[in-house]
Every structure is written in C-alpha cells, then in structure tokens.
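Take a look at the letters that make up each chain.
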Amino acid sequence: FVKELERAMLDGEADIAVHSMKDVPMEFPKGLGLTTICAREDPSDALVSNHYDSFEALPQGAKVGTSSFRRQCQLRNLRPDLEIL
C-alpha cells in the first residue's frame, strides 16, 4: 500500500499521504520524505458492526474481516470460532 501512495505522490496524483508509522519504510525514494509525525492518539483497534455492540457479543462462527495479519492472529487467539475473512 505504501508503494501505491509513493507512486501517487511522485506522479502528482496526491499532494499528501497519511499512513501508519509501522508500515513506513526506513528509506524513501528520491523526492519523498517523512516531514511530520503527529501526536499519537488512542492506538486501540475498533469493531465496526451494524448489529453488535461489542466483540464479545459476536455470535459463534461470526465472520470478521481484516487485512492485518496481526489482527487475524489476535482474533484467532481470542475467538478460535470466528471465521476470519
């Protein structure tokens, strides 16, 4: 994803990119750099659901979507019954 942001900025398709610091590379392509680090806010993950008020309220075998490998591992550890998409 960072490569897509870099390409968009270098191609003039984006003026600025905001991304999680954990995914930012140590070295930047020529013409790009890290210019601002914002103060950290609450780092907690969030559950977004149209039907359930909490993670604990999800029914047995509920489907949960995340592209983060870290979150997939955490979810499987806490709730092996969930179907991770």
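As shown above, the structure is provided for reference.
Residues numbered from 1 in each chain as written. Predicted model: local features only at pLDDT ≥ 70, side-chain atom pairs only at ≥ 80, totals over all residues. Heavy atoms only, no water.

1. Considerations on the environment of Pro29
Along the chain, the position of Pro29 falls in the loop between helix H1 (2-10) and strand E1 (63-64). Its relative accessible area of 27% is what places Pro29 among the partly exposed residues. The sequence separation of Pro29 and Leu10 amounts to 19 residues, and the corresponding C-alpha distance is 9.2 Å. Not counting residues up to four positions away in its chain, the partners in contact with Pro29 are Glu6 and Leu10. (Helix = DSSP H or I, 4+ residues; strand = E, 2+ residues; numbered from the N terminus. Buried < 20%, exposed > 50% of the residue type's maximum accessible area, 1.4 Å probe, protein only. Contact = heavy atoms within 4.5 Å.)

2. Let's talk about the nonpolar core
Counting residues in hydrophobic clusters, the biggest one holds 6 residues: Leu58, Ala62, Val64, Leu75, Leu82 and Ile84. Among residues more than four places away in sequence, those in contact with Leu58 are Tyr52, Val64, Arg79 and Leu82. (Core = buried A, V, L, I, M, F, W, Y, C linked by side-chain atoms within 4.5 Å.)

3. Comments concerning the side chain of Arg79
Tracing the backbone shows Arg79 in the loop between helix H2 (69-78) and strand E2 (83-84). Here Arg79 is in contact with Phe55, Glu56, Leu58, Pro59 and Gln60, once residues within four sequence places are set aside.

4. Observations regarding the side chain of Glu6
With respect to the helices and strands, Glu6 occurs in helix H1. The exposure class of Glu6 is buried, given its relative accessible area of 8%. Leave out the neighbours within four places in its chain, and Glu6 touches Pro25, Pro29 and Leu32.

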